[in-house]
Amino acid sequence: MPPPAVEKLIEQVRTYQPMADTALIKRAWTYSQQAHEGQKRKSGDPYFVHPASVANVIADLRLDAASVCAGLLHDVVEDTLATTNDIEREFGGEIATLVDGVTKLSKINFTSKEDRQAENFRKMVVAMARDIRVLLIKLCDRVDNMRTLDHMKPEAQERISRETMDIYAPLANRLGMQEFKSELEDLSFKHLEPDAWGELVQSFTKSRKERERYIDDVSKKISARLAEQGFAVDVSGRAKHLYSIWRKMRANGVTLDQIHDAIAFRVVVESVSDCYATLGVVHSKWTPLPGRFKDYIALPKPNMYQSLHTTVIGPGRERIEIQIRTHEMHRVAERGIAAHWKYKERAGSMGGGVAESDAKQFGWLRELMEWQKEFKDPAEFLEGVKVDLFQDEVYVFTPNGDVRVFPRGSTPVDFAFAIHTQLGEKVTGARINGKLEPIRYKLRNGDVVEIVTGSNQHPSKDWLDFSVTTRARSKIRNYLRSAERDKSIRLGQELLERELRKVGVSMNRLMKNEAELRKVLEEIRLSSSEELFLGIGYGKIKTQAILEIVSPQTSDGGVPSQPPPALKEGRIEGLVRKVTKGRDTEGIKINGIDDVLVRYAKCCGPLPGDDILGFITRGRGITIHRRGCSKAFDMDPERRVEVAWDTKAKINRSVQLKVTTANRPGILATVGSTFSTQGINISEALCRAGEDGRAVNVFTFNCGDLQQLKNVMKALSKVEGVVSVDRA
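Calculation notes
Residues numbered from 1 in each chain as written. Predicted model: local features only at pLDDT ≥ 70, side-chain atom pairs only at ≥ 80, totals over all residues. Heavy atoms only, no water. Salt bridge = Lys/Arg side-chain N within 4 Å of Asp/Glu carboxyl O. Helix = DSSP H or I, 4+ residues; strand = E, 2+ residues; numbered from the N terminus. Buried < 20%, exposed > 50% of the residue type's maximum accessible area, 1.4 Å probe, protein only. Pairing = 2+ DSSP bridges. Patch = residues over 30% accessible without salt bridge, like charges linked within 9 Å, V, L, I, M, F, W, Y side chains within 5 Å. Areas by Shrake-Rupley, 256 points an atom, 1.4 Å probe, with all protein chains shown as cover. Axes fitted to C-alpha atoms, helices over the stretch in contact; angles between N-to-C directions. Parallel < 35°, antiparallel > 145°, perpendicular 65-115°, else oblique. Left-handed = near helix turned anticlockwise from the far one by under 90°. Contact = heavy atoms within 4.5 Å. Nonpolar A, V, L, I, M, F, W, Y, C, P; charged D, E, K, R; others polar. Disulfide = S-S within 2.5 Å.

## Here's the deal with the pattern of salt bridges
Taken as a whole and judged by the stated rule, the model has 24 salt bridges. A salt bridge links Arg162 to Asp166; the nearest nitrogen and oxygen atoms lie 3.9 Å apart. Of this pair, Arg162 and Asp166 are both found in helix H10 (residues 154–174), 4 residues apart, which corresponds to roughly one turn of the helix. Between Lys181 and Glu185 there is a salt bridge; the shortest N-O distance is 3.3 Å. Of this pair, Lys181 and Glu185 are both found in helix H11 (residues 178–192), 4 residues apart, which corresponds to roughly one turn of the helix. The class for Lys181 is buried, based on a relative accessible area of 13%.

Below, the structure is given as structure tokens:
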């Protein structure tokens, strides 16, 4: 890359940070360029093109020189021989910390891609809680990677796009960075749903001139109307981004022609009072749609977004959305937290430069930090983060009038645990706006919530069916696991005592004999009697193994034919009984050991090709779940064993698909023929028509592997009238 490129970058940084250390940026540019010398991207371009592009995206966000340097150096530790210590020695501790926070955990062996993804995210959470610039740099990195994703293999495109859609686009939204969010969603949509994306692009291209003409005409009418009333305004219009339009089409089961509010107009005014006055002018000119007005100025979103939203019947009887905000609100709406950067206030402030007055808006970062400490399972942590941070919110009030924000679908249980763990564990219901409601009640915007408790109440497993927030679900799971652990310890103690009694050994005497107990624990590689009882109670350890240690002489005078099993992570010899005749025996290997009792979980219906986990269940062998199954997260991680599909085995597993369609004649026959075309025979179909003009159809059939299922789902999604296709 020619030298003028670095000068252009420095010139851009100087426009917003005149005193920036430009020599440091030049050194970082040269260091990164030399470190990546000879490396190529998938496109064939020199690898350094990527960090240079990331640095320019960072500069577009108007972040400080340290962030720009970290962008230039963000892949050096991961992809070259340079270390974090080298970066610190050359560029100082601040830049080294930023680079380390962004660097992936490439040198640690994980059991799966999901664990790697989750652990990468966990590390980033810890780093970004200390310095928010870590996340901003990572988002800039992801934006540039998504812009150049066309050169990757299809499977990599799908994996990276799914990760972007699940994690990075919602994080950009949570940080208030709407431009990043929209771009990341559209780029992910392009690779996750290429056919739908192509059709939308084609439709938009055909109607572009007509749309631009309409936007220009309406913008002039709004400007003229407001100018007559003496307002100084900037009016602009644009089509909503492709992914949001496609999501609305899919949710409502309509075509593009039936989406009436695909265009949004933005009116930027001088003051807050002008915002409300402008709203009055707009409503006096065009009829507003009931229920479509939102005041995010009086009640800002958690990401600091402020604006008035209204939908009206505009010119040509078209429904149009109008957003009204001040210039400052617009700056924050576009750049989010990056618009609140304070270069001279970094010391003592949260997150490397966010002013303390703004930091309170990002308390969720501190919550993330606390959550990651509580979760042993990184995948469970990531699942909770997706649920808690990336859903639509509802705003409710405490009896004192304090506003609390929860994911949509939250219940009094979520509210209670947000206040205090003990309150959550004792909640029996809530007074909502003065009326008593059950704990399953779904909170609505504006509800005033007062929790009702009972001294004999405690969490039960069914609470997980309707609780939503990460905090609530984590606390419920911890309570249930603790209760299950105590129960298993008691069971293990009873089982061992009974078996010891049969060979004339006193349990009390064994527990009091420190030398004998230490011998038992050393043989099975445990550290305490509690772990011993727990292993027996869970079914991980056979009591016979203990008997062979404390009473090696059997009742007939013989000796054990084999040594007792060692309890090692990943080993199950002697711990789980063999498969009985007639059970499902094929398809699963457990760390190289096959032919054990295996059951497939009905909750998630794992298929060959799915990433899976096994859980030891006493007396029932190992139950196989899809990795990420919510029921699997309810299991105690101590029962987990890593499993894999046996590639030699041919398996046909029963699976279910939920196909939501428009409720019209002939649609079911078309869907059925699509299954036949894919070589699939439907064994059962449950079809139910709703009052909303849709039908929900659940089809049961046998499937050989995940790829076959994906092919069926893709074919079904192309059928006209099909709204959604999901695994049931």
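## Points about the sheet that holds strand E13 (residues 598–600)
In a beta sheet, neighbouring strands are held together by backbone hydrogen bonds and run either parallel or antiparallel to one another. Read across the open sheet, the 4 strands follow the order E13-E15-E14-E16; overall the sheet is mixed. Among the strands making up the open sheet, the edge pair consists of E13 and strand E16 (640–641). With 3 bridges connecting them, E13 and strand E15 (residues 622–626) associate as parallel partners. In the strand pairing of E15, Val598 is matched with Ile622.

## Focus on a nonpolar patch on the surface
Side chains of Leu299, Val403 and Val405 sit close together on the surface and give an oily, nonpolar patch of about 190 Å² of accessible area. Structurally, the position occupied by Val403 is in strand E8 (residues 403–407). Overall, the relative accessible area of 39% leaves Val403 in the partly exposed class.

## Section: the packing of helix H3 (residues 49–60) against helix H4 (residues 65–73)
At a closest axis distance of 7 Å, the pairing of H3 and H4 adopts a crossing angle of 160°. Judged by the angle between their axes, H3 and H4 are roughly antiparallel. Of the two elements, H3 crosses H4, and the hand of that crossing is right-handed. Contact with H3, carried on its side by Pro51, Ala52, Val54, Ala55 and Ile58, involves Ser67, Val68, Gly71 and Leu72 of H4 and no other residues of that element. Counted by class, the contact of H3 with H4 contains 7 nonpolar, 2 polar and no charged residues.

## Section: the packing of H4 against helix H7 (residues 93–102)
Helix packing for two helices is described by the angle between their axes and how far apart those axes are. As a packed pair, H4 and H7 sit with axes 9 Å apart at the nearest point and diverge in direction by 50°. Considered as vectors, H4 and H7 are oriented oblique to each other. Pair H4 / H7 crosses with right-handed handedness. Between H4 and H7, the residues in contact are Ala66, Ser67, Cys69, Ala70 and Leu73 and Glu94, Ile95, Leu98 and Val99, respectively. A breakdown of the residues in the contact of H4 with H7 according to their chemical character gives 7 nonpolar, 1 polar and 1 charged.

## Section: the state of the cysteines
Applying the stated criterion across every chain yields a total of 0 disulfides. Cysteine Cys629 is unpaired, with the sulfur of Cys603 as its nearest cysteine sulfur at 3.6 Å. Note on Cys629: relative accessible area 9%, which makes it buried.

What is shown is where atoms sit, not what they do.
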